[in-house]
Amino acid sequence: MRPIGNTSRTNSNTLSDETYIHHLPYDDDPLDGLARTLLARHPGQPVDLGAHVVLFPMAGTRHRFRQKLLDVAQSLQIDALIPPTTAGMKSWLVPFQPDDTKILNHNEQELLLLQALAHYPQYLERYGTWPLIDSLLSLFEELTLNDCIINDDENSFRQSVESAYGVAELAPLTDEASLVHTLWTAWRTELRQQSAVDDAMAHVSALKASIAVLPPDTHIWLAGFHNFTA
């Protein structure tokens with residue numbers, strides 16, 4: 001099944017309980033199903049979908065969807081149609097990022113993490129510089145997108161791990177867990193000193209900002225996404 005979801009906002013800070021998830025047979029065209037669902041919500045002429053935003057994982061899908069929407073509208077004898085906003089998630093979030101935000105590209109993130117790792121030569125010798133950097137950047141992105149909070153205090157981190165595993169007490173932190181705690185703290189420190197953010201931090205910040213400024217009647221539709229992060 002391919003889900004197509006919608007969430008509407010009732011005020012600047014609170015998402016409403018009105019949530020729709022549409023399950024389609026595997027051999028159905030999800031874009032056709034989405035087009036028909038949108039048009040069915042606004043019977044009559046003209047059809048105004050201007051309060052709707054349809055987001056895709058990749059921007060290229062929007063062109064096929066817009067054509068599909070026109071085709072379905074014609075088949076339903078709809079003569080006038082105001083289309084929804086359609087975009088890839090990443091491009092749609094750009095206007096919600098503050099103009100003064102310094103977002104590091106991938107190469108800049110690698111260099112900044114390399115700078116942070118210079119203080120921990122034992123990790124570089126053990127794991128190798130670039131394999132370690134690649135692994136850490138992927139892990140840090142996952143932690144950020146899943147809203148994981150790692151306290152600077154190692155004892156607090158240990159308690160968080162204990163809670164996550166559902167045990168009363170863990171043995172002393174493994175080398176890998178200690179590495180994650182140490183380098184996550186160093187990474188975030190480097191970012192703060194540079195007054196910069198990575199892609200994941202910018203993504204989360206823009207998502208939160210969008211909820212605060214979108215008109216109250218905006219409906220967000222997510223098409224083609226899977227494995228949602230927090």
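Cut-offs applied
Residues numbered from 1 in each chain as written. Predicted model: local features only at pLDDT ≥ 70, side-chain atom pairs only at ≥ 80, totals over all residues. Heavy atoms only, no water. Salt bridge = Lys/Arg side-chain N within 4 Å of Asp/Glu carboxyl O. Helix = DSSP H or I, 4+ residues; strand = E, 2+ residues; numbered from the N terminus. Buried < 20%, exposed > 50% of the residue type's maximum accessible area, 1.4 Å probe, protein only. pLDDT = per-residue confidence, 0-100. Contact = heavy atoms within 4.5 Å.

1. Re the pattern of salt bridges
Thinking step 1. In this structure the tally under the stated criterion is three salt bridges.
Thinking step 2. Between Asp 29 and Arg 64 there is a salt bridge, with its nearest N and O atoms 3.9 Å apart. Of this pair, Asp 29 sits in the loop between β2 (15–24) and α1 (30–40) while Arg 64 sits in helix α2 (residues 61–75); the two residues are 35 residues apart in sequence, bridging distant segments of the chain.
Thinking step 3. The partner of Arg 36 in a salt bridge is Asp 32, and the shortest N-O contact between them spans 2.9 Å. Of this pair, Arg 36 and Asp 32 both sit in helix α1, separated by four residues, roughly a single helical turn.
Thinking step 4. Taking the relative accessible area as the measure of exposure, Arg 36 reaches 39% and is therefore partly exposed.
Thinking step 5. By relative accessible area, which is 21% here, Asp 32 ends up partly exposed.

2. So, the confidence of the model for the chain
Thinking step 1. Confidence in the prediction of the chain, expressed as mean pLDDT, is 84, and 88% of residues score 70 or more.
Thinking step 2. In the model, residues 1–17 has pLDDT below 50 throughout and makes 55 contacts with residues more than four positions away in sequence or in other chains.

3. Some details on the side chain of Thr 182
Thinking step 1. Residue position: Thr 182 is located in helix α8 (residues 175–194).
Thinking step 2. If we ignore the near neighbours within four places in the chain, the residues touching Thr 182 are Tyr 120 and Tyr 123.

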